[in-house]
Amino acid sequence: MHSVALLTASYAKDIERFSLLSESIDTWLSGYTRHYVLVNDEDVPLFERFGSDKRVIVPASRYLPKWLFALPPALQFISRRVWLSLLSSPVHGWHIQQILKIAGVLNAPEQRVCILDSDNLFFREFDVGQYAGGEKTPLFVTPKAIAADAPLHALWLRTIDQLLGVNDRSFPADDYVGNALVWDRDTARAMTGAIKAATGLNWALALCRKKKFSEYLLYGHFVASSPAHLATHQVTEDSIAVSHWDDTRLDRPAIEAMMRAASPEQVALCIQSYSSTSVDDIRDVFRLNSRDRRAPSLSPDHMGEVAAFEVPKTR
């Protein structure tokens, strides 16, 4: 079995969602060595309370190149965080998080890394080491899901083709975007090497200059384009996460329904932050679910004691 780490790139505005993710990891997950949490340098004090012997808070500057630096918050003129670059046009925070994920995997002592965005949480017991640490790395794919006119994914994929030197692209194309995805460190190193070979640039600089990309599509299509690396991955169409991708706000009954509808193999829940779903509602549903699953089962002789149990209040 290969060693397995968890990795999250987060920031101050996502701290409540990250708090729930970390609570769910501590409640339900086993089989990992460390959880690396990469945050903006000024956010480190906010995240330090989550640190433990298994959770390490890492300042972004440790992994970002020296020619890339954050514009101080006092000088920000737009709501999105901006990084200035001596070698490219300014870079926004979403791209920085993608770069940090790649850098975090490259620098991890562990061979496999399960990448968890802040809007994920786990709601069932899960041995991530058994899932991610085997002979082959699980690679989630949705086949033929990207149409040529897809407004975002098709654009990202065409950028990735340039980064990897892919000249023959056909649509519909496979989609590798998902939640709780696993990367292999050596494969990620080979991927960044392929970017340098195709562009003549350091991989981080190439990404800063292109900007419109997806780290998950980048990794998936690199693996798919390399028979040697594809042979070291186990391709699957079954995600371990049940996900809400659109911008519809979910109420508590809808969140509960998502959990109930999850297959036995689905152990994680992702409700995208841009849906504006209440974190409090997600937390309440998560804690009630955890409480129910942790509660001791009652034998027929003890059914009369049900009234002694506290009944959870609903909002």
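One can find the structure itself at the top, above this paragraph.
J.: Explanation requested: the pattern of salt bridges in the structure shown.
T.: Any two side chains of opposite charge can pair, given that their charged atoms come close. As enumerated under the stated definition, the model contains 13 salt bridges in all. For Arg 169, the salt bridge goes to Asp 161, with nearest N and O atoms at 2.8 Å. A single network of salt bridges, built from pairs that share partners, joins Glu 16, Asp 280 and Arg 283.

J.: Any chance you could explain the pairing of strand E16 (residues 241-244) here in plain terms?
T.: On a regular strand, one side chain projects to one face of the sheet and the next to the other, so that they alternate. The pairing of E16 with strand E17 (residues 268-271) spans four bridges and is classified as parallel. Paired with Ala 241 across the two strands is Ala 268, which belongs to E17. In this fold, the crossover linking E16 to E17 by way of helix H10 (residues 252-261) has right-handed handedness.

J.: For this particular structure, what's the right way to read the packing of aromatic side chains?
T.: Aromatic ring pairs: the centre-centre distance and the angle between the two ring planes describe each pair. Under the definition given, this model contains eight aromatic pairs. For the ring pair Phe 47 and Phe 50, a centre distance of 6.0 Å and an interplane angle of 50 degrees mean the geometry is tilted. The buried category is assigned to Phe 47, whose relative accessible area is 0%. Their ring planes at 55 degrees and their centres at 5.5 Å tell us that Phe 126 and Tyr 131 sit as a pair that is tilted. Through a chain of ring-to-ring contacts, the aromatic side chains of Phe 18, Phe 47 and Phe 50 assemble into a single cluster. For the cation-ring pair, Arg 81 lies above Trp 83, with the distance from its terminal atom to the ring centre recorded as 5.1 Å.

J.: Help me out: how do you make sense of the sheet that holds E16 in this one?
T.: Within a sheet, each strand pairs with its neighbour through backbone hydrogen bonds, oriented either parallel or antiparallel. On the basis of which strands lie adjacent, the open sheet formed by three strands has the order E9-E17-E16 and mixed pairing. Of all the strands in the sheet, the pair left with one neighbour each is strand E9 (120-122) and E16. Taking the axes of each pair of neighbouring strands and ignoring which way they run, one obtains an average angle of 20 degrees across the sheet. Sheet strands touched by helix H1 (residues 15-28): E9 and E17. Its angle to E9, the strand with the most contacts, is close to 25 degrees. Contacts between H10 and the sheet are confined to E9, E16 and E17, with E17 contributing the most and set at about 145 degrees to the helix.

J.: Would you take a moment to explain helix H7 (residues 203-210) for this structure?
T.: Each α-helix turn comprises 3.6 residues. Residues three or four places apart therefore point the same way. Here H7 lies mainly inside the structure; six of its eight residues are buried. Within H7, burial applies to Trp 203, Ala 204, Leu 205, Ala 206, Leu 207 and Cys 208. Taken together, the buried residues of H7 touch strand E5 (68-70), strand E7 (91-92), helix H3 (93-107), helix H5 (153-164), helix H6 (185-199) and helix H8 (215-224). A side-chain oxygen of the first residue of H7 lies 2.9 Å from the backbone nitrogen of Ala 204; this N-cap is Asn 202. In the segment just after H7, Lys 211 is the residue with positive phi, at about 70 degrees.

J.: What exactly am I supposed to notice about the nonpolar core here?
T.: Grouped burial of nonpolar side chains is what soluble globular proteins tend to show. Grouped together as the largest cluster of nonpolar side chains are 53 residues, with contacts concentrated most on Leu 64, Leu 68, Ile 102, Trp 183, Trp 203, Leu 207 and Leu 218. The element that contributes the greatest number of residues to this core is H3, accounting for seven residues. Leave out the neighbours within four places in its chain, and Trp 183 touches Ile 102, Val 105, Gln 111, Arg 112, Val 113, Ile 115, Thr 137, Ala 188, Met 191, Glu 215, Tyr 216 and Tyr 219. Core analysis: the next-biggest nonpolar cluster, separate from the first, contains 41 residues, Val 182, Leu 250, Met 258 and Met 259 among them.

Calculation criteria
Residues numbered from 1 in each chain as written. Predicted model: local features only at pLDDT ≥ 70, side-chain atom pairs only at ≥ 80, totals over all residues. Heavy atoms only, no water. Salt bridge = Lys/Arg side-chain N within 4 Å of Asp/Glu carboxyl O. Pairing = 2+ DSSP bridges. Helix = DSSP H or I, 4+ residues; strand = E, 2+ residues; numbered from the N terminus. Right-handed = clockwise from strand over helix to strand, strands pointing away. Phe/Tyr/Trp six-rings, centres within 6.5 Å; stacked < 30°, edge-to-face > 60°. Buried < 20%, exposed > 50% of the residue type's maximum accessible area, 1.4 Å probe, protein only. Lys NZ or Arg CZ within 6 Å of the ring centre and 35° of its normal. Axes fitted to C-alpha atoms, helices over the stretch in contact; angles between N-to-C directions. Contact = heavy atoms within 4.5 Å. Polar contact = N/O pair within 3.5 Å; in protein donor to acceptor, adjacent residues only side chain to side chain. Core = buried A, V, L, I, M, F, W, Y, C linked by side-chain atoms within 4.5 Å.

Read these as geometric descriptors, not functional statements.
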